[in-house]
Amino acid sequence: MSYIQFLGAAGTVTGSKHLIKTYDSSGKPGFQILIDCGLFQGQKEWRERNWQDTPVPAREINAVVLTHAHLDHCGWIPRLVKEGFHGPIYATQPTIDLCSVVLPDSGHLQEEDAEFYNKRKVSKHHPALPLYTLKEAQDCLRFFKPVVVGQTTQLSPELMFRFVPAAHILGSCMAEVTLQTNGRSHRLLFTGDLGRVRDSRIAPGKVVHSGPQENETADVLVMESTYGNRQHPDTDPRPELARLIRETAERGGTVVVPAFAVERTQKFLFILKTLMETGQIPRLPVYCDSPMAIKAVEVFLKHSEEYTARAADLIKKYGSPLEWPGFTFALTSEQSKQINESRDPSIIVSSSGMVTGGRILHHMAQRLPDPKNLVIFIGFQAPGTRGAIIKSGAHEVKIFGAFVPIRAQIAALEQFSDHADPPEMLEWLRTFKNQPSTTYLVHGEPAAASQLRDRVQKELGWDVKVAEYMERVEVK
Ligand SMILES: [Zn+2]
């Protein structure tokens, strides 16, 4: 019997990896594909799973269908290839362009971390090894195959798929998979991550079209639930953001913003530019300190077809963000060190967004002990990450093996999320042409997934289950 197996993003928000294994009518194994192939992040219990093999050998997986370029969806691909996978990886062109930036960067960070731990001898593994290297990440890019949104790709006699917009980040799509089994055709819809619906006032600065594709049909729906137990504030975050920045500048402090390098950073830079041009914040130097920021901005500029009218206007008026006066994109570690040493008020936007690695670690270690400074979180912080610890009001956080006191002001603005919240998800589900026989919730912490399950069951009367790690569900 053909089945779906949840190999990740079940019981947690990271490590998205859903296996579809098919059998023909005689019971002979058919095709095996992975929908997404993401990295586990956050708590050690999950991160350690990055080192485990897939339950089916990697070389026996025939293809990967990738919804978008966030690491928790694509970051395990180099490892899969390292373990013997050599099939096609289907994704949209913007997703491929972004992967060619984020995957090598991820390999680079893993090498840096391993090197660091070896130098300090703070890992219990000797020597500490990277999960994959920059070169291995670059090498896996040759397996990517661009797919046009809406176009059907036949994978095998029993399996085909097409992408439809998810409006989460640049290039992001849902995967509509059609599976023939037992003489029947089944539609399996994998949402990947779902973007927010419409309202540009309460979800400002989006650089992709709003709203996931409506009027879907599905026999089995596999849906994300990141924000399953929270609701985005329905206020415009910009006045508060402007006030926080002004107050920090007045007391001579620096604003540190951990931001996902893809999408969130670009969106935030657009908002800062708007706030400066409209006189709502002073023209402080803005440092975008992420080795891949320049490349990611270039990918965004290349795919202007995905902009909102607002983003298109901003670029028309002020040109490429890479040339905005006062905005510095740090490429080298030398430039990063200079930013770290600067004592004048400024705004530092750096990644990783959950403070799990990258240059943000140095900025946090440097700026957290001083009460003049401000740290603003503009994205989801998975439990167990340094970001979640700092955001929770802790007095100290461990960075590079040492405890750093937290005395800076800490703020969080939830409106910048690129994930739909429950009212938005329900609004989208109501557009479905049919009621799926089962909806499986993935990509959420247990509390978030179970609250969303109860809500969809109650409001729509659908059969909803929270997917469990390694659970197999048959497609009958
Ligand atoms: Zn995502």
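Check the entry above for the structure.
Throughout this document, residue positions are counted from 1 along each chain, in the order its sequence is written. The predicted nature of this model means local features are confined to residues of pLDDT at least 70 and side-chain atom pairs, given and counted, to a pLDDT of 80 or more, with totals for whole chains, interfaces and linings taken over all residues. Remark: hydrogens and water are excluded; side-chain values derive from all non-hydrogen atoms of the structure.

A. Quick peek at the pairing of strand β11 (residues 220–224). With respect to burial, β11 is a largely interior element, 5 of its 5 residues being buried. Three exposure classes are used, based on accessible area relative to the maximum for each residue type with a 1.4 Å probe and protein chains only: buried under 20%, partly exposed in between, and exposed over 50%. Labels follow the DSSP assignment, with helices taken as runs of H or I lasting at least four residues and strands as runs of E lasting at least two, numbered in each case from the N terminus. Of the two faces of β11, the one holding V220, V222 and E224 and the one holding L221 and M223 are both buried throughout. Being paired, for any two strands, means DSSP has found at least two bridges between them. Here strand β10 (residues 184–190) runs beside β11; their pairing, made up of 3 bridges, is parallel. If you follow F190 over to β11, its bridge partner there is V222. Where β11 meets strand β20 (residues 438–442), 5 bridges bridge the pair, whose relative direction is parallel. Opposite L221, over in β20, you have T439 as the bridge partner.

B. View of the coordination of the zinc ion. The protein atoms that coordinate the zinc ion are H68 (NE2), H70 (ND1), H168 (NE2) and D193 (OD), at distances spanning 2.2 to 2.3 Å. Around the zinc ion, the 4 donor atoms sit at angles spanning 91 to 161°, and that spread fits a shape best called irregular. The donor set covers N, O and S atoms within 2.8 Å of the metal, switching to 3.2 Å for Na, K and Ca, and it leaves out water, so a site may look short of donors. For the zinc ion, all donor residues lie on one chain, and their spacing in sequence is H-x1-H-x97-H-x24-D. With H168 in the loop between β8 (159–165) and β9 (173–181) and D193 in the loop between β10 and β11, this pair connects stretches of sequence that are 25 residues apart. There is no split in this pair, since H168 and D193 are both buried. For a four-donor site, all angles between 85 and 135 degrees give tetrahedral; for four or six donors, opposite pairs above 155 degrees with the remaining angles between 65 and 115 give square planar or octahedral; all remaining cases count as irregular.

C. Focus on the pairing of strand β17 (residues 396–399). Only one face of β17 is buried: it carries V397 and I399, and the other face, with E396 and K398, is open. Inspection of the sheet shows β17 paired to strand β18 (residues 402–405) by 4 bridges, in the antiparallel sense. Within β18, the residue paired with E396 across the bridge is P405.

D. Highlighting the sheet that holds strand β15 (residues 347–350). Strands sit in the order β14-β13-β15-β12-β16-β19 across an open sheet of 6 strands; the sheet is parallel. Looking at strand neighbours, the two that pair on one side only are β14 (327–329) and β19 (409–412), the edges of this open sheet. This sheet shows a mean twist of 20° between the axes of neighbouring strands, independent of strand direction. Two elements, strand β16 (residues 374–377) and β19, share 4 bridges in a ladder whose sense is parallel. Looking at the pairing, V375 lines up with I410 of β19. By definition, residues are in contact when any of their heavy atoms lie within 4.5 Å. Angles shown run from 0 to 180 degrees and are taken between the N-to-C directions of axes, each axis being a line fitted to C-alpha atoms and, for helices, limited to the stretch in contact. The strands touched by helix α11 (residues 360–367) within the sheet are β12 (255–258), β13 (286–289), β15 and β16, with β12 carrying the most contacts at an inclination of about 145°.

E. Spatial organisation of the nonpolar core. By nonpolar core we mean a set of buried residues, namely Ala, Val, Leu, Ile, Met, Phe, Trp, Tyr and Cys, connected to one another through side-chain atoms within 4.5 Å. Ranked by size, the top nonpolar core spans 76 residues in total, and within it F144, L272 and I347 carry the most contacts. If you tally residues by element for this core, the top one is helix α7 (residues 264–277), at 7 residues. Residue contacts for F144: discarding those within four places in its chain leaves L66, I77, I89, A91, I96, C99 and L103. Counting residues in each nonpolar core, the second largest holds 28 residues, with F31, A63, V147 and V475 among its members.

F. Fine view of the sheet that holds strand β21 (residues 464–466). Sheet architecture is open: 7 strands sit in the order β7-β8-β9-β10-β11-β20-β21, paired in mixed fashion. Of all the strands in the sheet, the pair left with one neighbour each is β7 (153–156) and β21. Averaged over neighbouring strand pairs, the angle between their axes works out to 25° when direction is ignored. As defined by bridge partners, β20 adjoins β21 across 3 bridges and the pair is classed as parallel. Looking at the pairing, L441 lines up with V466 of β21. Docked against the sheet, helix α13 (residues 422–429) engages β9, β10 and β11, running at close to 155° with respect to β11.

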